[in-house]
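# An overview of the molecular structure
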Amino acid sequence: MTPTTTEDPREALQHGWPVGDGVSVVGSLPGDIDTNFRVTAPDGTDSVLKFVHPSTPDEVLEMEDAALRHLVRRLGEGTVPRPIPTRGGRTLHVEGACRVRRLTWLGGPTLAAVLPARIEPSASAERFFRSIGRFMGRVDLALADFTHPAAARPHRWDPLQGAWVQEGLRVIPRPASRALLERVLRRFGARVEPVACELPRSVIQGDGNDHNLIVDADDPWAGPVGVIDFGDLLETARICEPAVAAAYAAMRSGDPVGTIAEVVAGWSEELARAGVTVTDLELDVVAPLVRMRLAISVTMSAGRARECPGDTYLTVSEAPAWALIEALDGVDDAYLTARVRRACGRNPAPGSCRASGSSTRAGTSAPTDVPAASVPAEGLLARRRARTGPSLALSYAEPVHMVRGWRQYLYDAQGRTWLDLYNNVAHVGHSHPHVTEAIARQTGLLATNTRYLSQLRLDYIDRLAALFPDPLDTVWLLNSASEANELALRIARTATGRRDLIVQDAAYHGHTSTLIDASPYKAHGPGGGGTPAWVHPVALPDPYRGRWRAGRDADPGVRYANDLAERVDQLCAEGCAPAALLLETFPGVGGQIVPPKGYLPGAYAAVRDAGGVVIADEVQTGLGRLGRVMWGFETESVVPDLVVLGKPLGNGFPLAAVITTRALSEAFDTGMEFFSTFGGNPVACAAGTAVLDVLDDERLPANAECVGAHLRNGLADLVERHESIGDVRGMGLFLGVEIVTDRDARTPDPDTADRVVEGLKARGILTGVDGPDHNVIKLRGPLVLTDSDAERVVEAIDTVLSSRPT
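Report on the accompanying structure.

### Thoughts on the layout of surface pockets
By volume, the second largest pocket is sized at about 1400 Å³. Surrounding the second largest pocket, 45 residues form its lining, Tyr422, Tyr508, Lys647, Lys778 and Arg780 being those nearest its centre. Mapped by element, the contributors of at least two residues to the lining of the second largest pocket are α16 (481–496), α18 (520–523), α24 (750–762) and β24 (768–770). Looking at the lining of the second largest pocket residue by residue, the classes come out as 18 nonpolar, 18 polar and nine charged.

Rendered as structure tokens:
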């Protein structure tokens, strides 16, 4: 590297500035490419003398000086250095072959001088890291109206200009390290390059690292009070400012992802106070920008270490930068983005109701590097068969080995991305960060049973009960829907003194012995022994293929309800008055059926008139899946006596509930204690609370209604193209496509339904088949699905049905 000076700094001072006698040079200061000295005047005033590197153009120096004067006017003295004019009133003095600048000294130490090498996660640490972002935000606001011809310059430290790292990889000796940086470049190319021109631009300081940020010596944890070194000043995407600062802050953090989120959130807050909106797109590219700045840092350090071996300043950040790159390599960009968004008070999930997303095929908002399987799928299948019973089913003719999930995507062991329209367990999206953080946090505090008082539990059940109409005000928490349906049936039998139960054909309510008996789907299916005498199935209220059909029969819902009422009368006459009607509000296993208008009020009334109660199984349809209503029974403005909720409550964490009335709960109090070891434990309540947070914060029921309507409309258009589609039905993201061989006869076609499901799987889309005749394709993915996902599914079904069977 070319030396910046061979001159005596005292001589440069005397020639350039009227300093008089008695000026002392305290010592040299670290610098990137300039040679810097701290000098002290006779009155004790310190300043910085900078011998400028020959590679720095004069116009860049002029820009820096102009920017510093601008910032001093906006932020006040002491926040940034101020150029000190020479004898001739200039800010640049030429001393022999050297160019020299003199700047005021900022009092106070740098962050690097006072902070520990590692800062463990805590509330104070979060506040501190957020303060870094706020400070950089103030600097950027002050620079918002600053312009200079030299600002739009090529600059190797700019994350947006980091493509040169590809060529620079040759200086990285270790293959594994080069592979790390190649992954950074791929992520950057996929996430940032396509949208770079859309990012708001501004002049930024560009180097908010711990060696440049000044703090108050008496209270360093209050955050930065000043910043030095404007050698990276340039015009670029303004989001690069907090991304760079976050990259350096995260090197010191025991929670690098949280630190990045806090720094960006502080910056966003500061801009918001000034009425400047940070766009969602800017937040979405923070992760790859942070990675790119780190890649630039380590590549630059490796190159300079070759040129100037032994210069520790040039490599001061190299080891922690490599450590952070390695740590972030295992973190999904989408997870980091969600953390940033939530910290900024935004929807953590990009692509709400009308967002199309940047890639509907590959899911670029999801994990990009999924570890490969150490064992082939065939080996896992053989082990499974050896250690589990043959009745434990697998999906698809060729099973899939899943290793990760994110939002609406699953990822297999080979790294393939799958769009999930099958799993209704991950209600608010796979691996939602707010839910997983809540579970992890509570697990670290307390996981016990309900024999102890818990404010968390009471707060959760208060919040859950508030989602139901009167008189549903009492909550029982359990760990599975099977356990919840068992409890609901016990309460109904105890309160009525009866045993018999009315259920719908093809219904499924759980896997306990009692519930298998009460589930015709199982009891009348392969291996089943039929329903026992106390279970009385009634017809599914199917308006497409059932006895009473929409468009052919007047008021099919009322007619199905009348049929049920006749069955109730018959049972009462036989001395078998029912304790309860147990029904899925919208039959799912029965074929994604929307009961016709009039059915629910009539069915409820018939059972209640006979002294029974109504149990609404809302496991599949509740919690906003239907879009415009939170619970399926609200579509007809009826109120059941007991409501059963299951797996979606905890987004995969075991949590279920029975919501009922005070009267029924008191009738259940016979002296026998009820206890569920895991039901309502604090970790489950933390998960449930987080799910409700996400439903509200991200407006997921509204998204379900919007995207569901888009998907249903697209499927309805396919009816005109494909005779095999007999019916498209559903609400929100609870949809079914019935496949038939003959539209007029409505003959079920399970073979084609299976072919469609397998054809969708071949195109990376997961769906399933249900219905009494296994001919209804069910679509019920996480509520975070987007319009572009819907369009992808419609296009894929169209393609599969247009192709000839093989």
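### Some details on α16
Compared with the 22 Å implied by 1.5 Å per residue over 16 residues, the 22 Å span of α16 between its first and last C-alpha is a close match. The complete set of buried residues in α16 reads Ala481, Ser482, Ala484, Asn485, Leu487, Ala488, Leu489, Ile491, Ala492 and Arg493. In the segment just after α16, Gly497 is the residue with positive phi, at about 70 degrees.

### So, the sheet that holds strand β23 (residues 765–766)
Spatially, β10-β11-β12-β23 is the arrangement adopted by the four strands of the open sheet, whose pairing is mixed. At either end of the open sheet lies a strand with only one pairing partner, and these are β10 (402–406) and β23.

### Some words on the nonpolar core
By size, the foremost hydrophobic cluster in this structure holds 93 residues, and its most contacted members are Tyr460, Leu464, Phe468, Leu564, Ile659, Leu711 and Leu715. If one sorts the elements of this core by residue count, helix α22 (residues 682–697) sits on top with 10 residues. Filtering out sequence-adjacent residues up to four positions away, Leu715 remains in contact with Val728, Val737, Leu779, Val794 and Ile797.

### Section: the packing of helix α2 (residues 58–75) against helix α4 (residues 123–143)
For the pair α2 and α4, interaxial distance at closest approach is 9 Å and the crossing angle is 110 degrees. It follows from the interaxial angle that α2 and α4 lie roughly perpendicular. Note that α2 runs across α4; the crossing there is right-handed. Within the contact between the two elements, α2 uses Ala67, His70, Leu71, Arg74 and Leu75 and α4 uses Arg138, Val139, Ala142 and Leu143.

### Observations regarding helix α15 (residues 455–465)
Considered for burial, the residues of α15 that qualify are Arg457, Tyr460, Ile461, Leu464 and Ala465. On an axial view of α15, the arc spanned by its buried residues comes to 125 degrees, and they lie on one face. Turned more than 90 degrees off the buried face of α15, the exposed positions are Gln455 and Asp462. Turning to α15, the residues buried within the fold contact β13 (472–478), β18 (642–645), β19 (656–661) and α22. Two or three places before Leu456, at the start of α15, stands the capping residue Ser454, its side-chain oxygen 3.4 Å from that residue's backbone nitrogen.

### Here we look at empty space enclosed by the protein
The final tally for this structure, using the stated rule, is six cavities of 30 Å³ or more. Taken as a whole, the largest cavity encloses approximately 80 Å³ of empty space. Around the largest cavity, the lining comprises 14 residues; the ones closest to its centre are Leu111, Ile132, Asp210, Tyr248 and Ala249. Of all the elements in the fold, those that place two or more residues in the lining of the largest cavity are α4 and α7 (240–250). In the lining of the largest cavity, the residues fall into 10 nonpolar, two polar and two charged.

### Here we look at the packing of aromatic side chains
Summed over the entire model, instances satisfying the criterion amount to eight aromatic pairs. Seen from their ring centres, Phe37 and Phe51 are 5.9 Å apart, and the 80 degrees between their planes marks the pair as edge-to-face. On the criterion of sequence distance, the pair formed by Phe37 in strand β2 (residues 35–40) and Phe51 in strand β3 (residues 46–51) is long-range, its members being 14 residues apart. With a relative accessible area of 0%, Phe51 lands in the buried category. Between Phe468 and Trp631 the ring centres are 4.3 Å apart and the planes differ by 15 degrees, which places this aromatic pair in the stacked class. Of this pair, Phe468 sits in the loop between α15 and β13 while Trp631 sits in the loop between β17 (613–617) and β18; the two residues are 163 residues apart in sequence, bridging distant segments of the chain. Residue Phe468 is classed as buried on the basis of its relative accessible area of 7%. Here the aromatic residues Phe128, Phe129 and Trp221 are joined through ring pairs into a cluster of three or more. Positioned above the aromatic ring of Trp164 is the side chain of Arg156, whose terminal nitrogen or guanidinium carbon lies 3.8 Å from the ring centre. Above the face of the Phe675 ring, Arg451 is positioned so that its terminal group lies 4.1 Å from the ring centre.

### Considering the side chain of Asn703
Within the secondary structure layout, Asn703 lies in helix α23 (residues 700–719). At a separation of 2.9 Å, a polar atom in the side chain of Asn703 contacts the main-chain carbonyl oxygen of Leu785.

### A closer look at the pairing of β19
Of all six residues making up β19, six are buried, and the element is well covered by its neighbours. Strand direction decides the pairing type here: β13 and β19, joined by six bridges, are antiparallel. Bridge pairing in β19 places Leu472 opposite Thr661.

Conventions we followed
Residues numbered from 1 in each chain as written. Predicted model: local features only at pLDDT ≥ 70, side-chain atom pairs only at ≥ 80, totals over all residues. Heavy atoms only, no water. 1 Å grid on protein atoms, 1.4 Å probe; cavity = no way out; pocket = protein on both sides within 12 Å on 5 of 7 lines; lining within 4 Å. Points joined across faces, edges and corners; volume = space filled by probe spheres on them. Helix = DSSP H or I, 4+ residues; strand = E, 2+ residues; numbered from the N terminus. Nonpolar A, V, L, I, M, F, W, Y, C, P; charged D, E, K, R; others polar. Expected span 1.5 Å × (residues − 1). Buried < 20%, exposed > 50% of the residue type's maximum accessible area, 1.4 Å probe, protein only. Pairing = 2+ DSSP bridges. Core = buried A, V, L, I, M, F, W, Y, C linked by side-chain atoms within 4.5 Å. Contact = heavy atoms within 4.5 Å. Axes fitted to C-alpha atoms, helices over the stretch in contact; angles between N-to-C directions. Parallel < 35°, antiparallel > 145°, perpendicular 65-115°, else oblique. Left-handed = near helix turned anticlockwise from the far one by under 90°. Arc of directions from axis to C-beta. Polar contact = N/O pair within 3.5 Å; in protein donor to acceptor, adjacent residues only side chain to side chain. Phe/Tyr/Trp six-rings, centres within 6.5 Å; stacked < 30°, edge-to-face > 60°. Lys NZ or Arg CZ within 6 Å of the ring centre and 35° of its normal.

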